[in-house]
Amino acid sequence: MSTILVQSGRRLIDLFAYLGGMASLLYDSLWWVTIGPFRRRGAIRRRESVFQAYRLGVASLGINALVIFFVGMILTFQSAYVLETFGVVEYVADMMSIAMFREMGPLITAMVMTGFGGAAIAAEIGTMVVSEEVLALETGALHPVRFLVVPRLLAAMYVMPIIYVVASYLGVLGGFTVAWAFLDIEPIRYFHRTTESLIARDVIAGVLKAEAFGVLITLIACHEGLRVTGGAEGVGRATTNSVVRSIVAIIVCDLIFTAIFYFL
Amino acid sequence: MSTPERRPTRTPGEVILAVEDLRVVFGDREVLRGVNLEVRRGETLVSLGGSGSGKSTLLRTMIGALEPTGGRVLLFGEDLHQASEAEVDHLRRRFGILFQSGALFNSMTVGENVALPLEEHTDLAADIIRIMVKMKLELVGLRDFEDLMPAQISGGMKKRVGLARALALDPELLFYDEPGAGLDPIVAGVIDELITSLQKKLGVTSVVVTHEMGSAFRIADRMVLLFDGRIVAEGTAEDFRQSTDPYVRQFILGEPDGPIPLRRSRVSYERDLFD
């Protein structure tokens, strides 16, 4: 019994240490975006941020579009299955728009981004640690947080809302395809119901979620990358950890946000 | 950030790097056990030692990448590990490091690598920086390779670019982490030549960590030998050559047996095999 307690205690302490590390990284990043440039300690690397945003956004858009389109189709089938029994199949449009913009849009975008953004960032930074590039930055008075983390964080914050909106529309479009082809719902009715049921609050909720997920993915990936020890194996571990931990963090965050938005 | 508030005076012979009673402990392993060292302006100090002697740890501590468990490092008179972040930044601009594999930034070209310290730490115009990059690359003989990516050049060239980058801000002090490692004798000789000419022409102080004896004797003014976390021998290159100290002789001549043992175990061989 005591071993279980010791183990769980240790795990809890490790978790707090990890969260502390992340909080510290977030604080440093925010410092370099606000106070750092003000005190002339170093400007934000704008070109690098734009470059990272391009890599993140353009690389992931294709897969994102495909996945969410299919998810839209699947959800529509499943919803229709239930709604048919109540004779209100056309409510499928309402459900799809709200589900996409409030939930599936941010969530699917985040999941895809975990692979494209998170894993790639962890691997890249991890490799830089192993090859002493990060050490070279540090000892050259070029702060790694400013050079590596901030551009990627800013990139994620620019890109996530855009991808989220595009993805959500594509999800709705997927739903529309099924509704039109298989459920005999007229296109006009579908779009009418979609636009009627969607309110600004849904989109705002979605954007906030998408931003939060983006920040989580990037911070976790950078944190894992910067902590790498032990060569190629370490980089592999960091990449895996980054993906797994991001997924957990996203889901937990999603629950919290969803509950809050439900009651607001 | 353009002109320093106080112009540091450069007196030849002054101590610019001092290590006082340095101790570094990792978990239950004492890697450095009270190291004392002084480096004077204008000299080339070679730090010798086998694997596990603590020479890499010593280097890391001296450049501020590792915090010591005890003792202190005084760089240009300032305690490196007690100074504020801004002060450490100022100090870091006064020295350069050549890492073992060059540690070039793989996402940038050769020219961009060398330009980065200039762009970040000076207010010089872009075309001036371009000229300076060419000058630094010319110094290491790689002026034509400015637009290549690190992945496109050989290991020896990466090191030379790394040296050009370390020289970007005209540092007073340079650290070299095993500069000859993995290089053919000719390229290694080129790097040695560069180290010596930097000292002669620009008065640059160098601290070189190596175990290539030929190279060491070519470049060193003074040498220290590390073993088991301590300095066991110290003196001029000539002292080392003439030394009768068993540690020194074993290391210089590359003898497999002597005071520096190849095999060190806590348990005897027989017990370990048969218990």
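Residues numbered from 1 in each chain as written. Chains lettered and ligands numbered in written order. Predicted model: local features only at pLDDT ≥ 70, side-chain atom pairs only at ≥ 80, totals over all residues.

Looking at this model, I keep getting lost on the domain arrangement of chain B. Mind explaining?
Residues and elements named next belong to chain B. Here chain B is partitioned into domain 1 (15–94 + 174–274) and domain 2 (108–170). Here the C-alpha centroids of domain 1 and domain 2 sit 27 Å apart. Contacts between the two partners involve 8 residues from domain 1, matched on the other side by 8 residues from domain 2. Top element by residues in the side of domain 1 that touches domain 2 is helix α6 (residues 185–202). It accounts for 3 residues. Residues of the side of domain 1 that touches domain 2, tallied by class, amount to 6 nonpolar, 1 polar and 1 charged. (Domains from an automatic or database assignment. Contact = placed C-beta atoms within 7 Å. Helix = DSSP H or I, 4+ residues; strand = E, 2+ residues; numbered from the N terminus. Nonpolar A, V, L, I, M, F, W, Y, C, P; charged D, E, K, R; others polar.)

Sorry if this is basic, but what is going on with helix α4 (residues 92–130) of chain A here?
Think of an α-helix as 3.6 residues a turn; residues three or four steps apart then line up on the same face. Residues and elements named next belong to chain A. Met100 marks the point of greatest bend in α4, at about 55°. Most of α4 sits inside the fold, with 31 of its 39 residues counted as buried. Remark: Glu132 follows α4 within two positions and exhibits a positive phi of approximately 70°. (Bend = angle between axes of the 7 residues up to and from the residue. Buried ≥ 20, exposed ≤ 12 C-beta atoms within 10 Å, placed from the backbone.)

Quick question: what am I supposed to make of the sheet that holds strand β1 (residues 15–26) of chain B here?
Whenever strands of a sheet pair, they do so through backbone hydrogen bonds, lying parallel or antiparallel. All names here are of chain B. Within the open sheet, the 4 strands sit side by side as β2-β1-β4-β5. Their pairing is antiparallel. This sheet does not close on itself; its edge strands, each paired only once, are β2 (29–40) and β5 (78–79). For β1 and strand β4 (residues 70–75), the ladder comprises 5 bridges, and the chain directions are antiparallel. Bridge pairing in β4 places Glu20 opposite Arg72. Along the sheet, helix α1 (residues 55–62) makes contact with β1, β2 and β4, crossing β1 at roughly 120°. (Pairing = 2+ DSSP bridges. Axes fitted to C-alpha atoms, helices over the stretch in contact; angles between N-to-C directions.)

Explanation requested: the pairing of β1(B) in the structure shown.
Looking down a regular strand, the side chains alternate between one sheet face and the other. All names here are of chain B. Pairing geometry for β1 and β2, over 9 bridges, is antiparallel. Along β2, the bridge assignment pairs Ala18 with Glu38. Hairpin geometry of β1 and β2 is characterised by an intervening segment of 2 residues between the two adjacent antiparallel strands and by a positive phi of about 65° at Gly27.

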